[in-house]
Amino acid sequence: MMINRILYRISRSIRETYYLYFPDYNFLSILENNLVWGLTIETCNICNANCIFCGYQYQKRKKKIMPENMYKKIIDDYDSIGGGKLGFGGPIGDPLLDPFLLDRIHYARQFSNIKIISFMTNCINLHNIGVKNLLTSGLNNIFVSTSGFDLKAHNIIYRSNKAEVMKNNLINLVRMNRELGKPCKITIGLRTYQPINEVLNDREFREIAEMSDSVLAQYYYDDWGGRIKPTSLPKGMKIRPLILSLWRRKAPCSMLYGSITILSDGTATMCGCRDINGDSELVLGNIKESSLLELYKSYNLKNIRKYWLNDKRIPNICQDCRHYNPFTYSMLKEVRINAKC
């Protein structure tokens, strides 16, 4: 079994390297001419934490809640072109601060084309939404960002005085989810400077971790275009190294062939990961003026992909992004299966 795994990894690396220099243009063409693979909607760009590792602290946009008519137009557009996965969030903000979140989930759940609904949260405002209300809303996946139940660590990392509130909300969420027969998949994402064994030494947190679907520990972080310095993070949290910088000249980022993100003011961007102000070269337009399909098939996006593939120009926001992930053969294979091509 171990030999098979080693051989598979070697084979995969060879394929990835090959497709790095000789991209599968035929399949990339299928992606470009197909419908949107996923949609993320930032219904609010507001957060009740100010994490030391997050770009929220550098946001320049006006804080706002997405209008209901705009949201419904986006969902209607998405359904009309086949739908797929739906995420609430975006580069910054916490969906639980959207006062219309439950109504929005209910609206999206009416459409059979929308298969999976998910979002990420710090869990601080969950009690105001209602744990049972959220779990029975039609939501499928919840990713909870936390430092564990060390309240001092939470205050340092999330720069919030709501650590106790977060703790109680997370406990109630996981326990209620189990009582209801697990209608939602709950993933706990640890953002901490402590070793994971130390975090799990807390009896209450270990209990919650065991009842959740998975626990992912993160110790490396993006620098958000050089804004966050290594010295800004406590010991144990590190800036992600630029190990893929040599690949960047050859392979476009997978974000260009994936999910469109609509920001709270209607701005559409292909980078719902790092385009915190919606002002990068990856902005395609505004949903108020175009349909979702028109945005995805825009001339601007075609040029971005073409210039990157031809090694002519990489968007400025992408040149030193530490979250860059190349669209290599293994990723093509996964999408090929999902798309049943």
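Rules used in this analysis
- Sequence order sets the numbering: in each chain, residues are counted from 1 along the sequence as written.
- Restriction of local features to residues with pLDDT of at least 70 applies here, the model being predicted, together with a cutoff of 80 or more for giving and counting side-chain atom pairs; totals for whole chains, interfaces and linings are based on all residues.
- The side-chain figures draw on all heavy atoms in the structure; neither hydrogens nor water molecules are used.
- Labels follow the DSSP assignment, with helices taken as runs of H or I lasting at least four residues and strands as runs of E lasting at least two, numbered in each case from the N terminus.
- Relative accessible area decides the class of each residue, using a 1.4 Å probe on protein chains only: under 20% of the type maximum gives buried, over 50% gives exposed, and in between gives partly exposed.
- Any two residues whose heavy atoms approach within 4.5 Å are treated as being in contact.
- Lys and Arg are tallied as positive, Asp and Glu as negative. Neither His nor the chain termini are counted.
- The atoms used to mark charge sites are NZ of Lys, CZ of Arg, CG of Asp and CD of Glu.
- Think of each axis as a best-fit line through the C-alpha atoms, taken over the contacting stretch in the case of a helix, with angles from 0 to 180 degrees between the N-to-C directions.
- Each crossing gets its handedness from the near helix: less than a right angle anticlockwise from the far helix is left-handed, clockwise is right-handed.
- Side-chain classes follow a simple rule in which Ala, Val, Leu, Ile, Met, Phe, Trp, Tyr, Cys and Pro form the nonpolar group, Asp, Glu, Lys and Arg form the charged group, and the remainder, Gly included, forms the polar group.
- Each patch is built from residues lacking any salt bridge and having more than 30% relative accessible area; the joining distance is 9 Å for like charges and 5 Å for nonpolar side chains (Val, Leu, Ile, Met, Phe, Trp, Tyr).
- Residue exposure ignores everything except the shown protein chains as possible cover, and the areas themselves are Shrake-Rupley values with a 1.4 Å probe.
- Criterion for a salt bridge: a side-chain nitrogen of Lys or Arg within 4 Å of a carboxyl oxygen of Asp or Glu.
- For classification, angles of less than 35 degrees are called roughly parallel, those exceeding 145 degrees roughly antiparallel, those between 65 and 115 degrees roughly perpendicular, and all remaining angles oblique.
- Think of a nonpolar core as a cluster: buried Ala, Val, Leu, Ile, Met, Phe, Trp, Tyr and Cys residues, connected wherever their side-chain atoms sit within 4.5 Å.

## Some points on the overall build of the protein chain
Piece 1. If you tally the helices and strands in the protein chain, you get 15 helices and eleven strands.
Piece 2. In terms of its C-alpha atoms, the protein chain occupies a principal-axis envelope of roughly 50 × 50 × 45 Å.
Piece 3. Every one of the 341 residues in the protein chain was classed for burial, and the buried ones make up 49%.
Piece 4. Taking as baseline every contact in the protein chain between residues at least 6 positions apart, the subset at least 24 positions apart corresponds to 72%.
Piece 5. Here the protein chain holds 47 positive side-chain charges and 31 negative ones, and the gap between their average locations is 4 Å.

## Some points on the packing of helix α8 (residues 163–179) against helix α10 (residues 203–211)
Piece 1. Running from amino to carboxyl end, α8 crosses α10 at an angle of 35 degrees, the nearest separation of the two axes being 10 Å. The two elements α8 and α10 cross, and the hand of that crossing is left-handed. Only E204, E207, I208 and M211 of α10 make contact with α8, whose side of the interface consists of K167, L170, I171, V174, R175 and R178.
Piece 2. Residue composition of the contact of α8 with α10, by class: five nonpolar, no polar and five charged.

## Thoughts on a nonpolar patch on the surface
Piece 1. A cluster of nonpolar side chains, M2, I3, I6, L7, I10 and I14, forms an exposed patch at the surface whose accessible area comes to about 630 Å².
Piece 2. Along the chain, M2 falls in helix α1 (residues 2–21).

## Points about the packing of helix α7 (residues 151–158) against α8
Helix-helix packing: each pair is described by the crossing angle between the helix axes and the interaxial distance.
Piece 1. For the pair α7 and α8, interaxial distance at closest approach is 9 Å and the crossing angle is 110 degrees. On the basis of the axis angle, α7 is roughly perpendicular to α8. Like other packed secondary-structure pairs, α7 and α8 cross with a definite hand, here right-handed. Counting all contacts with α7, which are made through L151, H154 and N155, the residues of α8 involved are A163, E164 and M166.
Piece 2. Taken together, the residues of the contact of α7 with α8 sort by class into three nonpolar, two polar and one charged.

## Focus: the nonpolar core
Piece 1. F53, L86, L134 and L173 are the most contacted members of the largest nonpolar core, which totals 88 residues.
Piece 2. With residues near it in sequence (within four places) discarded, F53 still touches S145, I157, Y158, R191, Y221, D222, W224, I228, L233 and M237.

## Some remarks on unusual backbone geometry
Piece 1. In this structure, K182 is a non-glycine residue whose phi angle is positive, near 55 degrees.
Piece 2. Examined against the element boundaries, K182 turns out to sit in the loop between α8 and β5 (185–191).
Piece 3. By relative accessible area, which is 37% here, K182 ends up partly exposed.
Piece 4. Phi is positive for W224, close to 50 degrees, though the residue is something other than glycine.
Piece 5. Mapped onto the fold, W224 is located in the loop between β7 (220–221) and β8 (238–239).

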